[in-house]
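# Survey of secondary and tertiary structure
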Amino acid sequence: MHSLNLSPARAVRGTPEIPGDKSISHRYALLSALAPGESVIERLSSGADVAATLACLRALGVTIVAKAPNVVAVTGRPWTPPPEALDAANSGTTMRLLAGLLATRPFRSTLTGDASLSQRPMGRIIDPLTVMGAHIASRGGRAPLVIDGGPLQGLEWAPPVPSAQVKSAVLLAGLYAAGTTTVLEPAATRDHTERALPLFGMACEVDGLRVRVAGGQRATPASAPLRVPGDPSGAATWAAAAAAVPGSRVCIRGLALNPRRIGFLRVLQRLGADIAVEQDSLEGGEPVGTMTVVYGDRQDTCITPDEVPGLIDELPVLAACAATGRCLEVSGAQELRVKESDRITALVTGLRALGVDAEERPDGFVIDGRRRASGGRADAVGDHRLVMAFAIVALGAAGPSQIDNADCVAVSYPTFESDLRQLVT
Ligand code: S3P
């Protein structure tokens, strides 16, 4: 297992080229695989999570050819029973979205994952898919999932927790179900599935928090190459790093600016950063543009429960930014406990190991960054978002740091370490 050794930074400056967005990449790959004919996807996420989705699709008989780095041609065709279990590896999006589609196929399939994914709750998708008529056996609501798919019936589902993965699993199943399928979200979550469906000739109706698809729809291949915009969650790391270290400035172009993904920018502003965002295009229904973040005087803030769905994946890097001289209180974020790790316990434990005053709460955490972090040795416990968070703390710390179990950063951002070394002065 690789450890990341970092020294305090004088500043973080540059214009990093971040990978294509992970969430959008999964959706483009899955929807292409449904459409008979060829769809080309450019700037597909280079991370291991999307590679897991591609591997599962290949095992289902879909042809996927790499045309150039991060460019694939996907030829969809009727899926065939996979010869062995489909391995979603560390990827919750792969397992949950694919389960929605496999529930509609007339064969048995098994979805497995790594140790982390095998601990994560799958009842949240098993329940609605079962009501629709699928048969899914699990290990007490956890993977492996054995799915006996078949004809489904549409339903109206109100998930108890805001989750784009649950919403998407139900909507994808609904495309092939009888009648209409409606998801009524408890709070707005990322809407990449809704934005992607029309690119593949499929319709979806959005009315506030209510999203509806008709059953019996047929996917058609994307008529032109689809270009995935840059991943805002990866970009958030550099934004938080720039906000953390005096004298810093980062500028990121070609970034996905979907309003449901950039809640982190408002928090960084409240923490004192100077931020400019400019949208310059709409690609595949997703707003795309440039973000510039400049270090600014430190301020304290809170993140309230209503903000959480719009920045759930960015909470670790926001905590890390706060750890450099600010106070931050986060509540209503209990979902963090069922991510790639228990991100409340693992984050607070790692921050403390780096000399940060941090306190765990059942539904969040409190960071008191007034005392400068010493640096030290933190365990990322195989969670990519924690590698990024601890790296930011290390850059702002007084002494050197080591981050253990850091290989997992490749789940979403394989070039993270080289980009980091280029940005740091
Ligand atoms: C994702 C949705 C979120 C997010 C995850 C990716 C998606 O998960 O945390 O990293 O691509 O739909 P939940 O749906 O579980 O909130």
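Residues numbered from 1 in each chain as written. Predicted model: local features only at pLDDT ≥ 70, side-chain atom pairs only at ≥ 80, totals over all residues. Heavy atoms only, no water.

Counting secondary structure elements, the chain contains twelve helices and 23 strands. On C-alpha atoms alone, the chain measures out to a radius of gyration of 21 Å, which is about the 22 Å that the 2.2 N^0.38 rule sets for 425 residues. Projected onto its principal axes, the C-alpha positions of the chain cover 60 × 45 × 40 Å. Intrachain contacts of the chain at a sequence separation of at least 6 include 74% that bridge at least 24 residues. Roughly 15,100 Å² of accessible area belongs to the chain as shown, and the carbon and sulfur atoms make up 52% of that amount. (Helix = DSSP H or I, 4+ residues; strand = E, 2+ residues; numbered from the N terminus. Rg over C-alpha atoms; globule rule 2.2 N^0.38 Å. Contact = heavy atoms within 4.5 Å. Areas by Shrake-Rupley, 256 points an atom, 1.4 Å probe, with all protein chains shown as cover.)

Below, the discussion takes up the packing of aromatic side chains. Under the defined criterion, the tally for this structure stands at four aromatic pairs. Plain terms: the ring middles of W238 and Y413 are 6.0 Å apart, the flat faces sit at 80° to each other, and that makes the pair edge-to-face. Here W238 is found in helix α7 (residues 232–244), whereas its partner Y413 is found in the loop between β23 (401–404) and α12 (416–423), with 175 residues between them in sequence. With centroids separated by 5.6 Å and ring planes inclined at 75°, the aromatic side chains of Y413 and F416 adopt a geometry described as edge-to-face. The same class applies to Y413 as to F416, namely buried. The ring centre of W79 lies 5.1 Å from the NZ or CZ of R105, which sits over that ring. Across the ring face of Y176, the terminal group of R105 is positioned such that the distance to the ring centre comes to 4.5 Å. (Phe/Tyr/Trp six-rings, centres within 6.5 Å; stacked < 30°, edge-to-face > 60°. Buried < 20%, exposed > 50% of the residue type's maximum accessible area, 1.4 Å probe, protein only. Lys NZ or Arg CZ within 6 Å of the ring centre and 35° of its normal.)

Turning our eyes to something else, we now look at the site of the ligand. Every residue near the ligand is listed here: S23, R27, T93, R96, S163, A164, Q165, R190, I312, D313 and K339. In the environment of the ligand, an oxygen atom lies 3.0 Å from a nitrogen or oxygen atom belonging to the backbone of A164. At 2.8 Å, a backbone N or O of Q165 approaches an oxygen atom of the ligand. Isolated, the ligand exposes 380 Å² of accessible area, and the fraction of that covered by the protein chains is 95%. Its atoms largely coinciding with the cavity grid, the ligand occupies the largest pocket. (Near = heavy atom within 4 Å. Polar contact = N/O pair within 3.5 Å; in protein donor to acceptor, adjacent residues only side chain to side chain. 1 Å grid on protein atoms, 1.4 Å probe; cavity = no way out; pocket = protein on both sides within 12 Å on 5 of 7 lines; lining within 4 Å. Sits in = over half its atoms within 2 Å of the grid points.)

Right, let's get into the domain arrangement of the chain. For the chain, the assigned domains read domain 1 (4–20 + 229–423) and domain 2 (22–226). Contacts between domain 1 and domain 2 engage 32 residues on the former and 28 residues on the latter. A combined buried area of about 2,400 Å² lies between domain 1 and domain 2, and 45% of that area is made up of carbon and sulfur atoms. The interface formed by domain 1 and domain 2 holds six salt bridges in total. Taking the shortest distance from any N to any O, the salt bridge between E340 and R120 comes out at 3.9 Å. Counting across the interface, domain 1 meets domain 2 through 16 residue pairs in polar contact (both at pLDDT 80 or more). Considering each element in turn, the side of domain 1 that touches domain 2 owes the most residues, three residues, to strand β15 (residues 249–256). Taken together, the residues of the side of domain 1 that touches domain 2 sort by class into twelve nonpolar, eight polar and twelve charged. (Domains from an automatic or database assignment. Buried area = accessible area lost by both parts, 1.4 Å probe. Salt bridge = Lys/Arg side-chain N within 4 Å of Asp/Glu carboxyl O. Nonpolar A, V, L, I, M, F, W, Y, C, P; charged D, E, K, R; others polar.)

Attention now moves to the pattern of salt bridges. Inspection of the entire model under this criterion finds 28 salt bridges. Notably, a salt bridge pairs R43 with E17, separated by 3.7 Å at the nearest N-O pair. Here R43 is found in the loop between β3 (37–42) and α2 (48–59), whereas its partner E17 is found in the loop between β2 (13–14) and α1 (22–34), with 26 residues between them in sequence. For E17, a relative accessible area of 58% puts it in the exposed group.

On the secondary structure map, E205 appears in strand β12 (residues 205–207). Not counting the four nearest positions on each side in its chain, E205 is found in contact with R210, V211 and R212.

This brings us to the environment of G201. Mapped onto the elements, G201 comes out in the loop between α6 (192–196) and β12. Each C-alpha atom, one on G201 and one on P221, is 7.8 Å from the other, the two residues being 20 residues apart in sequence. Here G201 is in contact with R218 and T220, once residues within four sequence places are set aside.

Right, let's get into the sheet that holds strand β16 (residues 274–283). Taken together, the four strands give an open sheet; going across it, the order is β2-β15-β17-β16, and neighbouring strands pair in mixed fashion. The open sheet terminates on both sides in strands that have one partner only, identified here as β2 and β16. Relative to β15, β2 runs parallel, the two being bridged by two bridges. Across the sheet, the residue bridging to G14 is V250, located in β15. (Pairing = 2+ DSSP bridges.)

Attention shifts here to the packing of helix α10 (residues 343–353) against helix α11 (residues 384–396). One way to put it is that α10 packs onto α11 with a least axis distance of 11 Å and a crossing angle of 25°. With respect to α11, the element α10 is oriented roughly parallel. Both α10 and α11 take part in a crossing whose hand is right-handed. Contacts between α10 and α11 involve R343, A346, L347, G350 and L351 on the former and, on the latter, H384, R385, L386, A389, F390 and V393. Class assignment for the residues of the contact of α10 with α11 results in seven nonpolar, two polar and two charged. (Axes fitted to C-alpha atoms, helices over the stretch in contact; angles between N-to-C directions. Parallel < 35°, antiparallel > 145°, perpendicular 65-115°, else oblique. Left-handed = near helix turned anticlockwise from the far one by under 90°.)

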